[in-house]
Each structure stands twice: as C-alpha cells, then as structure tokens.
Amino acid sequence: MSVQNILSPEATQHNVTQADIARALGEFCFIRLDNGDEAFYYNGFWLTGADGESNEPSVLGLAQRTARAGSKHLRCVELPVPEDREWCWDDVVTELARCAVTRELRGELTVTGSETGYGRGIHVCNDPLLSGINSNLWFPLNPEESWFAGIERVLMMNGVAENVVRIDSLRDCAAYHDWKVVYNRNVID
C-alpha cells in the first residue's frame, strides 16, 4: 500500500511547502520504510539516512540521542516503500505532509497494562519517547479510569496522539494485558 492510497482526493491537490513538511514531521523525525531504508529529519530537512539493502548501520540511535540532547520528542514513522520505483525521500515527506493536512495519518503502538501491588499502570513498547531509556518506563493509571481512557490520556499528554481510535487485545493473561493501540497522530502543532 502506498502512502498516496490513504489520501482523500482533495488532499492530493494540495501544494506542499517546506513549512508543511516541517509541521508534519516535527522538530525531530525518524522514518523507516518496510524495506529497511531509514531517514532522519530535523525541522523538515533531511540530515542522514541508511540504505536497508546495503546493511548500513541504523540511524535510529543517532536520532534518539539527538532528540534527547535537545529535550525534544522524536517522532517515529514506519511506512511502506512508495510504489514508484524512482521514489526519493522528498516524495515520502511530501506525502506525509499531505496526510497531516488532512489529519488522516494514523499510528499504532503496542501497550502492556498490569495491576500490581504498586498500583495499575501501562508500558508503551518500543517507542523512543514513551518506553524510557532502558525500556522500563511505566505510567500509573487511576484505578477508576478504563484502560482505554488511561492509554489515551498518556498518549495525548506526551504529544504523540490527537486521540485513540481503538485498542485491540493481543494477549490477555492474569499478570498483564497487551494491546495494539491505533491512534490519530498529533502532527499539526
């Protein structure tokens, strides 16, 4: 599926400016395509990348450290490879900016929830901002709050989501619950 397939007809007519791209990507943005290609953007401008087929080192660590040094959020986006064989990164970010204008860009996360003797909380899996430095960050939830409301509150408070669309159960055990969380990205500041 190409990025263009999620756009409404009127969105494809929108001329994208560098300001639109900067708004859509945020200050720091890491993009990974499903073929392993990666790009790191700062204020909408390409800084560096990695070719997935050449086994070049990932630029994710650099992107995480750079955003953390600036005390900023790193926006991470995973997308399919564009259908056009002659694609370039400008094509990818232009389509992302078009999606941001129409607010049709969605994201997914895996979230684990648990109720322990210390209280009730959630952990966001494999997210550079919300997982914590050692992937051990937990967010406490109010016991009266539903899992859905708590997850949505945490994602919205941290500027990741505009809202949560749905949560789908992945694993339900006595000690913990895993959900796939689908949310609308908070892409226009």
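On a predicted model such as this, the values are computed, not experimentally measured, just so you know.

(A) A look at the packing of aromatic side chains. Counting across every chain of the model gives four aromatic pairs. A centroid spacing of 6.4 Å and a plane angle of 15° characterise the contact between Phe-28 and Phe-40, whose relative ring orientation is stacked. Here Phe-28, found in strand β1 (residues 28-33), pairs with Phe-40, found in strand β2 (residues 38-42); they are 12 residues apart in sequence, far enough to count as distant. Note on Phe-28: relative accessible area 6%, which makes it buried. Three or more aromatic residues link up through ring pairs in this structure, and these residues are Phe-28, Phe-40 and Tyr-42. In this arrangement the basic side chain of Arg-120 is found over the ring face of Trp-147, its NZ or CZ atom lying 4.0 Å from the centre.

(B) Geometry of the nonpolar core. By size, the foremost hydrophobic cluster in this structure holds 17 residues, and its most contacted members are Val-111, Ile-122, Ile-151, Leu-155, Val-181 and Tyr-183. Those elements giving two or more residues to this core turn out to be β5 (106-116), β6 (119-125), β7 (139-141), α4 (147-157), β8 (161-172) and β9 (177-185). Top element by residues in this core is α4. It accounts for four residues. With near-sequence residues (within four places) excluded, Val-181 lies in contact with Gly-107, Glu-108, Leu-109, Val-111, Ile-151, Leu-155, Val-164, Arg-166 and Ile-167.

(C) Representation of the side chain of Arg-120 within the structure. Within the fold, Arg-120 resides in strand β6. One polar contact links the side chain of Arg-120 to the main-chain carbonyl oxygen of Glu-145, over a distance of 2.5 Å. Excluding anything up to four places from it in sequence, Arg-120 contacts Ser-114, Glu-115, Phe-139, Pro-140, Leu-141, Asn-142, Pro-143, Glu-145, Ser-146 and Trp-147.

(D) Molecular detail of helix α2 (residues 60-69). Every buried residue of α2 is accounted for by Leu-60, Ala-63 and Ala-67. Each buried residue of α2 lies within a common arc of 65° when the element is viewed along its axis, so the set occupies one face. Residues of α2 that are exposed and angled more than 90 degrees away from the buried face: Arg-65 and Ala-69. Those residues of α2 that are buried lie in contact with β1, β2 and β4 (74-79).

(E) Spatial organisation of the confidence of the model for the protein chain. Per-residue pLDDT for the protein chain has a mean of 84; in total, 87% of the residues score no lower than 70. Within the protein chain, β2 carries the highest mean pLDDT (96), whereas helix α3 (residues 89-102) carries the lowest (81). The low-confidence segment residues 1-12 (pLDDT under 50) makes 24 contacts with residues lying over four places distant or belonging to another chain.

(F) Examining the pairing of β9 more closely. In terms of burial, β9 is largely enclosed, as seven of its nine residues are buried. Pairing of β5 with β9 involves eight bridges; the strand directions are antiparallel. By the bridge assignment for β9, Thr-112 is matched with Asp-178. Pairing between β8 and β9: nine bridges, direction antiparallel. When the bridges of β9 are listed, Ile-167 appears paired with Val-181. Two successive antiparallel strands, β8 and β9, enclose a turn made up of four residues.

(G) Summary view of the sheet that holds β5. Strand order in the open sheet formed by five strands is β7-β6-β5-β9-β8, and the pairing between neighbours is antiparallel. Bordering the open sheet on either side are β7 and β8, each of which pairs with just one other strand. Strand-to-strand, the axes of this sheet are offset by a mean angle of 35°, without reference to chain direction. Packed on one face of the sheet, α4 meets β5, β6, β7, β8 and β9 and runs near 130° to β8.

(H) Up close: the side chain of Glu-38. For Glu-38, the location among the structural elements is in strand β2. Looking at Glu-38, its side chain comes within polar contact range of the side chain of Arg-32, at 3.0 Å. Polar side-chain contacts of Glu-38 include one of 2.8 Å to the backbone nitrogen of Val-59. Aside from chain neighbours lying at most four places away, what touches Glu-38 is Phe-30, Ile-31, Arg-32, Thr-48, Gly-49, Ala-50, Ser-58, Val-59, Leu-60 and Trp-89.

About the thresholds
- Along each chain, the written sequence defines residue order, and numbers are assigned to residues from 1.
- Thresholds applied to this predicted model are a pLDDT of at least 70 for local features of residues and 80 or more for the giving and counting of side-chain atom pairs; totals over whole chains, interfaces and linings are not thresholded and use all residues.
- Hydrogens are left out, water is left out, and the side-chain values use all remaining heavy atoms of the structure.
- The criterion for an aromatic pair is that two Phe, Tyr or Trp rings (for Trp, the six-membered ring) have centres within 6.5 Å, with stacked assigned to planes under 30 degrees apart, edge-to-face to planes over 60 apart and tilted to the rest.
- Under the scheme used here, helices are H or I runs from DSSP no shorter than 4 residues and strands are E runs no shorter than 2 residues, and both carry numbers assigned from the N terminus.
- Exposure categories follow from relative accessible area, calculated using a 1.4 Å probe and restricted to protein chains: below 20% of the type maximum is buried, above 50% is exposed, and the middle band is partly exposed.
- The criterion is that NZ of a Lys, or CZ of an Arg, lies within 6 Å of the ring centre and within 35 degrees of the ring normal, and then a charge sits over that ring.
- Residues belong to a common nonpolar core when they are buried Ala, Val, Leu, Ile, Met, Phe, Trp, Tyr or Cys residues joined through side-chain atoms within 4.5 Å.
- Contacts: residue pairs with any heavy atoms within 4.5 Å of one another.
- In the analysis that follows, any N or O atom pair within 3.5 Å is treated as a polar contact, provided that within protein one partner can donate a hydrogen and the other can accept it, and provided that, for residues neighboring in sequence, both atoms belong to side chains.
- Throughout, the arc means that of the directions going from the helix axis to the C-beta atoms.
- pLDDT: the predictor's confidence for each residue, scored from 0 to 100.
- Any two strands are treated as partners once DSSP identifies two or more bridges connecting them.
- Lines fitted to C-alpha atoms define the axes here, with helix axes fitted over just the stretch in contact, and angles between the N-to-C directions of these axes take values from 0 to 180 degrees.

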